[in-house]
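Coordinates in review
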Amino acid sequence: MPDSPVIRVESVSFSYGETLVLERIDLSIVAGEFVGLVGPNAGGKSTLLKLILGLLEPQSGRIRVLGRPPREAARTIGYVPQFPSFPRDFPICVEDVVAMGRIGLGSRWPLGWSGRADRAAARQALAEVEAADLARRPIGQLSGGQLQRVLLARALVGEPRILILDEPTANIDQRVENDIFDLLAELNQRLTILLVSHDIAFISEYVSRVACLNRTLACHGTSTIDSDTIQHLYGGHIRQVEHQHG
Ligand SMILES: Nc1ncnc2c1ncn2[C@@H]1O[C@H](COP(=O)(O)OP(=O)(O)OP(=O)(O)O)[C@@H](O)[C@H]1O
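Predicted, not measured: the structure shown is a model, and the values here were computed from it. (Residues numbered from 1 in each chain as written. Predicted model: local features only at pLDDT ≥ 70, side-chain atom pairs only at ≥ 80, totals over all residues.)

In terms of regular secondary structure, the chain is built from 7 helices and 9 strands. Out of the 246 residues in the chain, the part that is buried amounts to 39%. Here the analysis covers contacts within the chain between residues at least 6 apart in sequence; of these, 67% occur between residues at least 24 apart. (Helix = DSSP H or I, 4+ residues; strand = E, 2+ residues; numbered from the N terminus. Buried ≥ 20, exposed ≤ 12 C-beta atoms within 10 Å, placed from the backbone. Contact = placed C-beta atoms within 7 Å.)

Dropping the structure here:
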C-alpha cells in the first residue's frame, strides 16, 4: 500500500528519570516524504530520533518502522548522527569508515577488516555522494562538508529505505549546505527522509512537511511558512506545517 506509513509514532511519551521530554507524540510519515523536524533546544528532537532508531524505548505508546518494532527494522534505516568528530590522526581512511555502515549485513567485519564486497559497496556509496576522490583520505583530515558527505555515504551503504539525519549541516557554510540538501533531494526520489534542523526557513525550501517539536506535538496545515508561522511554532508546542512546492 503506497500510503501505509513508513514510520508511525503513536501516543509516545518518554522521560529521562523524572523529566518528561516527549508527551503523547503522534507522527506518521509515508513513503517518499521528506520531513523536517524542527524546534527549540532541548525540545526532544534527538530523543525522538533515538526512539525511532530503537536506541531508546518509550515508557508509553508505540512506534512502528515499516510495520515492525524499531529494533527489528534498524537495518532499513540509514542514520547520520549529530556533530561527529574524529581526531586529526585517527588511523582509519574514509573508505573503511563508510564500509562500517555494512556491519550486521553479513559483512566480514567481525574478522577484523572489511571484505572486498564491503569496499566495493563503500566506493559505490562514496560515488553516489560525489566523494569518490576521498576514499583513501584519513577520516580526521576532512572538512566539515566532506565529512558530512562521507557520513551520508556510510548511512547509504547498507541500502536503507529510510534516511534519518540529526542536524547534518550544523557546522558547515551555506554553499556546502545547499549542495548537501540538493543531494538529499535527489536521494529523496528513492528514500523517505526525516531530518532534524534548527533552520526552518532554509529547510522549508526542500522538505515536503515540517514538524515542530517542543515536548508535545500538534498538527496543523498551511501552504506557506512565513515569519509569523516560525514565531508561532517556536513559541508554542509542536506543530506540523504543510509546504507545497510549485
Ligand atoms: N541521556 C540523557 N539523560 C538525561 N537527560 C537527557 C539525556 N539526553 C537528553 N536529555 C535531556 O532531554 C531533553 C531533550 O533533549 P534532546 O537532545 O532530545 O533535545 P533536542 O531537541 O535534540 O535538543 P538540541 O536542539 O539542543 O539538540 C533535554 O533537556 C536534555 O537535557
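Here the narrative resumes, following the displayed structure.
What follows covers the site of the ligand. Close to the ligand lie Tyr16, Val21, Gly39, Asn41, Ala42, Gly43, Gly44, Lys45, Ser46 and Thr47, which account for all nearby residues. Top element by residues in the shell around the ligand is helix 1 (residues 45–52). It accounts for 3 residues. (Near = placed C-beta within 6 Å.)

With that settled, consider helix 5 (residues 174–187). Count 3.6 residues to each turn of an α-helix, and residues three or four apart come out pointing the same way. Taking 1.5 Å per residue, 14 residues should reach 20 Å; helix 5 reaches 20 Å between its end C-alpha atoms and fits that length. Residues of helix 5 that are buried include every one of Glu177, Phe181 and Leu184, and no others. Down the axis of helix 5, the buried side of the element spans an arc of 55°, and every buried residue falls inside it. Away from its buried face, by an angle of more than 90 degrees, helix 5 presents the exposed residues Arg175, Asp182 and Glu186. On the buried face of helix 5, the contacting elements are strand 7 (192–196). (Expected span 1.5 Å × (residues − 1). Arc of directions from axis to C-beta.)

With antiparallel pairing, the 3 strands of this open sheet are ordered in space as 2-1-4. The open sheet has two free edges, formed respectively by strand 2 (19–30) and strand 4 (60–65), since each of these has just one partner strand. Pairs of neighbouring strands in the sheet enclose a mean axial angle of 15°, with direction left out of account. Bridge count between strand 1 (residues 5–16) and strand 2: 8 bridges; the pairing is antiparallel. Across the sheet, Arg8 pairs through a bridge with Ser28, a residue of strand 2. (Pairing = 2+ DSSP bridges. Axes fitted to C-alpha atoms, helices over the stretch in contact; angles between N-to-C directions.)

Turning our eyes to something else, we now look at the pairing of strand 7. A large share of strand 7 lies buried, amounting to 5 of its 5 residues. Side chains of strand 7 alternate between two faces, with Thr192, Leu194 and Val196 and Ile193 and Leu195 buried alike. Note: strand 3 (residues 34–38) against strand 7, 4 bridges, orientation parallel. Bridge assignment links Gly36 to a residue of strand 7, and that residue is Leu195. In the sheet, strand 6 (residues 162–166) pairs with strand 7 via 5 bridges, with the strands oriented parallel. What sits directly across from Ile162, in strand 7, is Thr192. Taken together, strand 6, helix 5 and strand 7 form a β-α-β motif whose crossover is right-handed. (Right-handed = clockwise from strand over helix to strand, strands pointing away.)

With that settled, consider the nonpolar core. Ile52, Val98, Ala125, Val150, Ala153 and Ile164 are the most contacted members of the largest nonpolar core, which has 63 residues in total. If you tally residues by element for this core, the top one is helix 4 (residues 144–156), at 7 residues. What Ile164 contacts, discounting residues up to four positions off in sequence, is Leu49, Ile52, Leu53, Ile77, Tyr79 and Leu194. (Core = buried A, V, L, I, M, F, W, Y, C linked by C-beta atoms within 7 Å.)

Turning our eyes to something else, we now look at the environment of Pro40. Position of Pro40 among the secondary structure elements: in the loop between strand 3 and helix 1. Along the backbone, Pro40 and Arg215 are 175 residues apart, and their C-alpha atoms lie at a distance of 9.7 Å.

Residue Arg24 is not a glycine yet carries a positive backbone phi of 45°. Checked against the element boundaries, Arg24 lands in strand 2. C-beta crowding within 10 Å serves as the criterion here: with 14 such atoms nearby, Arg24 is assigned to the partly exposed category. Residues other than glycine seldom take positive phi values, yet Glu167 does so here, at roughly 50°. Within the fold, Glu167 resides in the loop between strand 6 and helix 5. Taking the C-beta count within 10 Å as the criterion, Glu167 has 18 such neighbours and is therefore assigned partly exposed.

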